[in-house]
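Residue-level structural notes
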Amino acid sequence: MLYDVIIIGAGPGGIFSAYELTKKAPDLKVAVFECGNALHKRRCPIDGKKIKSCINCPSCSIMSGFGGAGAFSDGKYNITNDFGGTLYEYIGKEEAMNLMHYVDAINMEFGGEGTKLYSTAGTKLKKRCMQNDLHLLEASVRHLGTDKNYIVLEHIYDYLKDKVDFFFNKQVDTITVADDGYCAVCGAERYVGKKCIVSVGRSGSKWMERICKELAIPTKSNRVDLGVRVELPAEIFSELTDELYESKIVYRTPKYGDMVRTFCMNPKGAVVSENTNGIITVNGHSYEDPARQTGNTNFALLVSKHFSEPFKDSNGYGESIAKLSNMLGGGVLVQRFGDLIRGQRSTPKRMEESFTVPTLSASPGDLSLVLPKRILDGIIEMIYALDKVAPGTANDDTLLYGVEVKFYNMEVAVDII
C-alpha cells in the first residue's frame, strides 16, 4: 500500500505531524502506525484492589497507544526553553517558543479551554529558593489534568480519524529504503511512504537505536534520568503548588557537584507504575476534577547520567538499575525517608504506621540496595535542601518509590533546512 507520508508512533510527535499535514496539505495520503491501542481501548488493569501491580500486558496501556506515554499523565505542558528539550538549538529560542504557544492554542481549541496557565514570572519563591542554594527554573505551565488531557486527545482523534489512516496494534518491525521512499515492515505486510516520520518516544528508544544502525543514520548517546518518586502530604508543598503548580527546582550537590532536579510534580495526585519494555518503573498522575484528587502530592527527584567512552549505553545502564529494583521487590519498591536515613529497610509494619498513606501498592524495601551511592546521596541532599523551602519534606514518613527512570532516544543527526 502506497502513502505520501507514513508516520511511526501515535504519541504527541506523530499526532501533531498528522495534524499539520491535514491542515497544510490535505490532499496527501497519510498513515499512522502505533504498536498500542486506540485511545478508547487504553485501559490499565491495575485497580488497587483485585489487581495491585503490573501483570505485563502485551502492550502497556500506560506507555503505548494513541496519545503516547503522556495520555494518562498529569497533562502539564511546559512553555519554556530552560528544560524539556533542545528544539531551540535547531530553530532558535524565539521560534521554539512560538511553536509551544501554537501547540497550546491547539490544545485549547480541542477541549482545554478554561484551564489555568501558571507562571514563575515575578514569584517570591524564586528568591527563597536561591537563598537556600536551590534554583527555580523559568516557565509557564498549562495544567490540563489527566482527565481533561484525555478529552483533548479524544477530540484531536475525532478530527483526524477520517483524514488519516490509523493502524493500531500494528508493530513496525523495521524500516527499509524503497525505490519510491520508505517501507514499513509489519510482519508479512508492507506499507510504503514517499516520506517517513519516526516518533516512537521513550518506549521505542531501543527500537529506534536498532533502526538507526540498520539505516546507517549517525547517532550519539543520550542521557538517562535516574531517581525516585517522592510522596508526601499535599499541605507540605501547597505554597509552591498553589502558586506555580509545577516547579522545576535544580540543586547542585556539594559532595559530587551533580545536578538533582524535581520533575513532574502532581499536587493532590497519585503514584502509578508503568511498563517500559517489560521493566516496571514509577510515575505520577493528578486530576483537574476535585473528586479524583488525593491528600498527597508527588514528584520525581532525578539525576541525569550521560556516558560516552568506553561505555555508551545510557539506557542500558538505567534498565539494569530498574531490573534490580524489580528483582528485589517484584516491581516498584517503597521506603520511608526515615528508614533510609537510619540504614534500615521499610517493612509492612513500618508502612502501616506511616502517617503518609501511599497511593500506590508497592513492596516495602531498601532503595540503598538498588540505587548507586552517588545518585542516592544526591537525592538525600536534595530532600534536605527542599526541606528549607518546604518544611516537612525531610519528615520520616515522606515516601520514596523506586525506581523512576526516564529513557531517551539516541540523538539523531539531522539536516537543518
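Higher on the page you've got the structure.
Just so it is clear, the structure is predicted and the values come from calculations on it, not from any experiment.

**Focus on the overall build of the protein chain**
- The helix and strand tally for the protein chain stands at 11 helices and 21 strands.
- Computed over the C-alpha atoms, the radius of gyration of the protein chain is 21 Å, within 12% of the 22 Å expected from 2.2 N^0.38 for a compact globule of 417 residues.
- Projected onto the principal axes, the alpha-carbon positions of the protein chain cover approximately 65 × 45 × 45 Å.
- Pairs at least 24 apart in sequence give 76% of the contacts found in the protein chain among residues at least 6 apart.
- Counting every atom, the protein chain has about 19200 Å² of accessible surface; 54% of that belongs to carbon and sulfur.
- One way to put it: in the protein chain the 49 positive side-chain charges average out to a point 3 Å from where the 52 negative ones average out.

**Describing the side chain of aspartate 377**
- Locating aspartate 377 in the fold gives a position in helix H11 (residues 373-389).
- Classification of aspartate 377 as buried rests on a relative accessible area of 16%.
- Here aspartate 377 is in contact with Lys255 and Tyr256, once residues within four sequence places are set aside.

**Some words on helix H8 (residues 314-329)**
- Along its 16 residues, H8 runs 23 Å from first to last C-alpha, staying within 8% of the 22 Å computed at 1.5 Å per residue.
- Among all positions in H8, only Ser314, Asn315, Gly318, Glu319, Ile321, Ala322, Ser325, Asn326 and Gly329 are buried. Down the axis, H8 shows its buried residues gathered within 165° of arc, on one side only.
- Following H8 by one or two positions, glycine 330 adopts a phi angle in the positive range, close to 70°.

**A few points about the sheet that holds strand S6 (residues 140-143)**
- If you walk across this open sheet you meet the 3 strands as S3-S6-S4, and the pairing is antiparallel. Edge positions in the open sheet fall to strand S3 (76-79) and strand S4 (117-119), since each of these has one partner strand only. With direction set aside, neighbouring strand axes in the sheet form an average angle of 25°.
- Pairing of S4 with S6 involves 3 bridges; the strand directions are antiparallel. Looking across to S6, one finds that tyrosine 118 is bridged to valine 141.
- Sitting on the sheet, helix H3 (residues 93-112) touches S3 and S6, and the angle it makes with S3 is about 150°.

**Things to note about the nonpolar core**
- Leu134, Phe237 and Leu301 are the most contacted members of the largest nonpolar core, which has 44 residues in total.
- Counting residues per element, this core draws most heavily on H11, which supplies 9 residues.
- Ignoring any residue separated from it by four or fewer positions in sequence, one finds leucine 134 in contact with Cys129, Ile249, Val250, Tyr251, Met382, Ala385, Leu386 and Val389.
- Core analysis: the second largest hydrophobic core is formed by 31 residues, Tyr19, Leu21, Ala38 and Leu144 among them.

**Some remarks on the environment of threonine 146**
- Mapped onto the elements of the fold, threonine 146 is located in helix H5 (residues 145-160).
- Linking threonine 146 and glycine 75, residues 71 residues apart in sequence, is a C-alpha distance of 5.3 Å.
- Excluding its chain neighbours within four sequence positions, the residues that come into contact with threonine 146 are Ala71, Phe72, Ser73, Asp74, His285, Ser286 and Tyr287.
- Only 2.6 Å separates the side chain of threonine 146 from the backbone oxygen of serine 286, close enough to count as a polar contact.

**What about the pairing of strand S9 (residues 181-186)?**
- Of all 6 residues that make up S9, 5 are buried, and the element is covered over most of its length.
- Between strand S8 (residues 174-178) and S9, which pair antiparallel in sequence order, lie 2 residues.

**Details of the sheet that holds strand S1 (residues 2-8)**
- Pairing within the open sheet is mixed, and its 6 strands lie in the order S7-S2-S1-S10-S9-S8. The open sheet has two edge strands with one neighbour each: strand S7 (165-167) and S8. Between one strand axis and the next, the sheet turns through 40° on average, direction left out of account.
- Two elements, S9 and strand S10 (residues 189-198), share 5 bridges in a ladder whose sense is antiparallel. Its bridge partner being in S10, cysteine 186 is matched across the sheet by glutamate 189.
- Against the sheet, helix H6 (residues 205-214) engages S1, S8 and S10, with an angle of about 25° to S8.

**As for the pattern of salt bridges**
- Under the defined criterion, the tally for this structure stands at 25 salt bridges.
- In this structure, glutamate 319 engages lysine 206 in a salt bridge whose closest nitrogen and oxygen atoms are separated by 3.5 Å. Of this pair, glutamate 319 sits in helix H8 while lysine 206 sits in helix H6, and the two are 113 residues apart along the sequence.
- On the basis of relative accessibility, which here comes to 8%, the residue glutamate 319 falls in the buried class.
- A relative accessible area of 45% means that lysine 206 is categorised as partly exposed.

Criteria and cut-off values
Residues numbered from 1 in each chain as written. Predicted model: local features only at pLDDT ≥ 70, side-chain atom pairs only at ≥ 80, totals over all residues. Heavy atoms only, no water. Helix = DSSP H or I, 4+ residues; strand = E, 2+ residues; numbered from the N terminus. Rg over C-alpha atoms; globule rule 2.2 N^0.38 Å. Contact = heavy atoms within 4.5 Å. Areas by Shrake-Rupley, 256 points an atom, 1.4 Å probe, with all protein chains shown as cover. Lys, Arg positive; Asp, Glu negative; His and termini not counted. Charge placed at Lys NZ, Arg CZ, Asp CG, Glu CD. Buried < 20%, exposed > 50% of the residue type's maximum accessible area, 1.4 Å probe, protein only. Expected span 1.5 Å × (residues − 1). Arc of directions from axis to C-beta. Pairing = 2+ DSSP bridges. Axes fitted to C-alpha atoms, helices over the stretch in contact; angles between N-to-C directions. Core = buried A, V, L, I, M, F, W, Y, C linked by side-chain atoms within 4.5 Å. Polar contact = N/O pair within 3.5 Å; in protein donor to acceptor, adjacent residues only side chain to side chain. Salt bridge = Lys/Arg side-chain N within 4 Å of Asp/Glu carboxyl O.

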